[in-house]
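Coordinate analysis (summary)
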Amino acid sequence: MSTLDQKINEHFPGLVVRKDLVKTVKGNAIVPSYVLEYLLGQYCATNDEATIQTGIETVKEILAKHYVHRNEAGLVRSNIKEKGRYKVIDKISVALNEKTDAYEAQFSNLGIKKVLVDSGTVKAHPKLLVSGVWCIADIEYVFSEDQNVSPWILSTLKPIQLSHFDYDAYVAARQQFSTDEWIDLLIQSIGFNPEMFGKRSKLLQLLRLVPFCERNYNLIELGPKGTGKSHVYSEFSPHGILVSGGEVTVPKLFVNNSSGKIGLVGYWDCVAFDEFAGKQKRVDKALVDIMKNYMANKSFSRGVETLGAEASMVFVGNTRHTVPYMLKHSDLFDELPDKFYDSAFLDRIHFYIPGWEVDIIRGEMFSGGYGFVVDYLAEILRSMRNYDYSDQYREYFTLSSDISTRDRDGINKTFSGLMKILFPQGGATRDEVEEVLRFAIEGRKRVKDQLQRIDTTYGEVRFSYQDQEGQEILVTTLEEEEYPGYYHQTVSTPGDGGLEPEPAADVKGGEAKEPRASEPVLDEKHLTFQENQKGISFDGLFGAYLKGASKITVTDPYIRLFYQVRNFMEFLEAIVKNKAEEDEVAVHLVTVRDEFKGDLQDESFEKIQESARTVGIDFTWEFDESGTIHARHIVTDHGWKISLDRGLDIFQHYEMNEAFAFANRLQQFRSSKAFEVTFISRPCKSKNMIQGNKLA
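Residue positions are given per chain, counting from 1 as you read along its sequence in written order. Reporting of local features is limited, given that this is a predicted model, to residues whose pLDDT is at least 70; pairs of side-chain atoms are given and counted only at 80 or more, and all residues count toward the totals for whole chains, interfaces and linings. In computing side-chain values, all of the structure's heavy atoms are included and hydrogens and water are not.

The subject of this paragraph is the confidence of the model for the protein chain. Scored from 0 to 100, pLDDT records how confident the predictor is in each individual residue. Confidence in the prediction of the protein chain, expressed as mean pLDDT, is 88, and 93% of residues score 70 or more. Where helices and strands are cited, they refer to DSSP runs of H or I of at least four residues and of E of at least two residues respectively, numbered from the N terminus. Looking over the protein chain, one finds the lowest element-wise mean pLDDT in strand 20 (residues 507–508), namely 38, and the highest in helix 10 (residues 210–213), namely 98. We call two residues in contact when some of their heavy atoms are within 4.5 Å. In this model, residues 491–498 is a region of pLDDT below 50 whose contacts with residues beyond four sequence positions or in other chains number six contacts. Contacts for the low-pLDDT stretch residues 686–696, under 50 throughout, to residues beyond four places or in other chains number 26 contacts.

Written out as structure tokens, the structure reads:
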């Protein structure tokens, strides 16, 4: 164990678990992580290896015997009948049957309904009435001649969540850790290896926990696919619920006027909306209106009655474009459905997590170290909702008077939530307070800056704070530092429908850009290269002819083996070098499927597609089913066809695994094969350049 892991076990005995054990015991059980860690916490919350191994076997046995797989539900029902009584782990929901004036349970995987539940159980666990709760339950079977009587009897029911904890002991133990150690413990508790993240990236991960410890906190995260945006809200806490953005209705979320039944916001600490982005999504305007009122006032109207709730709102969705592209052509909220693309709604958002800064999840990012049993941490975070840490920066700093009340509320709530997570014991240093304050201001500024692009009625706001000496410190967002020419844009004149940069758009980092050299004149030509010739690269060969293209089709039947796929990846690198950072290029590959390694081919293309998306390349591919294509060429939508007699396979063998060989790093140091290239000018027919948009 690492020194940190030893320290964690010393100060939190019985409350932590080795995070790699979840995968070990999960098998094919489709349950949230907090359910598995609840069981691991019962039997494996130790650093004794022998006890851990025994505990793993016990948990596996419990899951094997009592977790209900849907395809084995008939067998489990038979076991209950034959044995008379049986323990199951399942997701259970309860509804009131008005005709019989009784509560009836439904078991999600087991497939049984109308199981009577006493009122005391429902009062003790009201979330059973909304979307269901994972439970350990004892079921009995007693057959009755009366068809109206269910043979299934619920003997005992226990929701899978911690029954008690000592908050004071948690705070006392926190004092034994440095700030960096504590952050690493929290990152390991989420399931990640802290060594794979920088300080800012760790804070972005922990920001996802704020809705669980801060009442009525409104958070949005938009970014590329695969960054784990929804994981925390579906797997981490029994007090949060993740719903699909397209499945939300006013009755489900707030209140059903016909039955009077309160919706999700009345029962859950955090309601997260998955797949929130997407222009084509149908959205009820009435839902948006009631959400706006709730997010601003913590209340919603039911006819003449106004009800309050404390649920935080989280919106997560995928972006299709790069940050510079969005900043040049629209804004960072561009992916939202039209009904939610509303300045009044967006102004209620307290923090915008820049999802493009979060790494795509890879296998090596997961932790094998110790972290809190997530159910324990979830209860700690829930108890923190009763505290307010929003004033802890006022000893050192004062927010600018230019910051409005709504902006100030967003900053304060984010600051309070992060301080609860990082410094529940108090005692943060001036520098630590300042770091959290700047982070909170930046997240709200990201929201407000985009609102100014969407709605010109929003005035300029100077997001800054003053220290005790009266010195003003201005806060900027990271993308503002990276792309100042596109970040600061004014709305163009009515009618042209776009955005235009301010006059200072060519200034970055305080230095004026050098004027562009005149573009080279491109000619039709034919080039011949000899075997063993060096000094050749895709950038040098094709770069000038690829510059300015928005659609490129590559036809090459031999993009199959690993080195050929790597050649194609290096071709994409040449495109990236020759395009403006804010532009996007669609690249379509037509090739032939490998007869023996087609699965690896698919996997490689999918990885390239995922990676290319982050740098403004929209990569798609298709396999020629006839297998008869022999021509190898590159066609652009701005007038060029490049004929390649060898395709992209122009280099002789070199050692790809040698990290310190220049031939591995730079194409110009490789020996080439003999090949020829012809550059042909052709009329632009951009609509026909990319044939189809088919994904294999």
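Now that the structure has been shown, we can carry on.
The buried label applies to any residue whose accessible area, calculated with a 1.4 Å probe on protein chains only, is under 20% of its type's maximum; exposed applies above 50%, and partly exposed to all values in between. For strand 5 (residues 133–141), the buried fraction is high: seven of the nine residues fall into the buried class. Two strands pair when backbone bridges link them, and strand 2 (residues 85–97) and strand 5 are joined in this way by eight bridges, in the antiparallel orientation. If you follow Val88 over to strand 5, its bridge partner there is Ala137. Relative to strand 6 (residues 152–159), strand 5 runs antiparallel, the two being bridged by seven bridges. Following the sheet pairing, Glu140 is matched in strand 6 by Ile153. A pair of strands counts as paired when DSSP detects no fewer than two bridges linking them.

Relative to the elements of secondary structure, Lys202 occurs in helix 9 (residues 199–207). For Lys202, a relative accessible area of 12% gives the class buried.

Take unusual backbone geometry next. A negative phi angle is the norm for most residues apart from glycine, just as the trans form is the norm for most peptide bonds. Even without being a glycine, Asp101 presents a positive backbone phi close to 55 degrees. Tracing the sequence through the fold places Asp101 in the loop between strand 2 and strand 3 (102–107). Positioned with a positive phi, Lys298 is a non-glycine residue whose angle comes to about 65 degrees. Turning to its location among the elements, Lys298 is positioned in the loop between helix 13 (285–297) and strand 10 (299–302). A relative accessible area of 44% places Lys298 in the partly exposed class.

With that settled, consider a nonpolar patch on the surface. Residues forming no salt bridge and having over 30% relative accessible area are the ones grouped into patches, like charges within 9 Å of each other and nonpolar side chains (Val, Leu, Ile, Met, Phe, Trp, Tyr) within 5 Å. For the area figures, the Shrake-Rupley method with a 1.4 Å probe applies, and any residue is considered shielded solely by the protein chains shown. For this analysis, a salt bridge means a side-chain nitrogen from Lys or Arg found within 4 Å of a carboxyl oxygen belonging to Asp or Glu. Among the surface-exposed residues, Phe662, Leu666 and Phe669 lie close enough to one another that they form a single nonpolar patch of about 320 Å² accessible area. Within the secondary structure layout, Phe662 lies in helix 24 (residues 662–665). When its relative accessible area of 59% is taken as the criterion, Phe662 is described as exposed.

Take the nonpolar core next. As used in this record, nonpolar core signifies buried Ala, Val, Leu, Ile, Met, Phe, Trp, Tyr and Cys residues forming a set joined through side-chain atoms within 4.5 Å. Grouped together as the largest cluster of nonpolar side chains are 94 residues, with contacts concentrated most on Phe12, Tyr170 and Phe372. Counting residues in each nonpolar core, the second largest holds 71 residues, with Val76, Val248, Phe254 and Tyr294 among its members.

With that settled, the discussion passes to the state of the cysteines. In this description, the term disulfide denotes a pair of cysteine sulfurs within 2.5 Å. Overall, the coordinates contain zero disulfides when judged by the stated rule. Here Cys213 stays free of any disulfide, with the sulfur of Cys270 as its closest cysteine sulfur at 11 Å. A relative accessible area of 0% means that Cys213 is categorised as buried. With relative accessibility at 1%, the residue Cys270 sits in the buried group.

Between 30 and 60 degrees the pair is tilted, below 30 it is stacked and above 60 it is edge-to-face, where a pair is any two Phe, Tyr or Trp rings, Trp via its six-membered ring, whose centres lie within 6.5 Å. Using the criterion set out here, one finds 46 aromatic pairs in the structure. For the ring pair Phe192 and Phe366, a centre distance of 5.9 Å and an interplane angle of 25 degrees mean the geometry is stacked. Of this pair, Phe192 sits in the loop between helix 8 (179–190) and helix 9 while Phe366 sits in the loop between strand 13 (351–354) and strand 14 (370–372), and the two are 174 residues apart along the sequence. Under the relative-accessibility criterion, Phe366 is labelled partly exposed at 35%.

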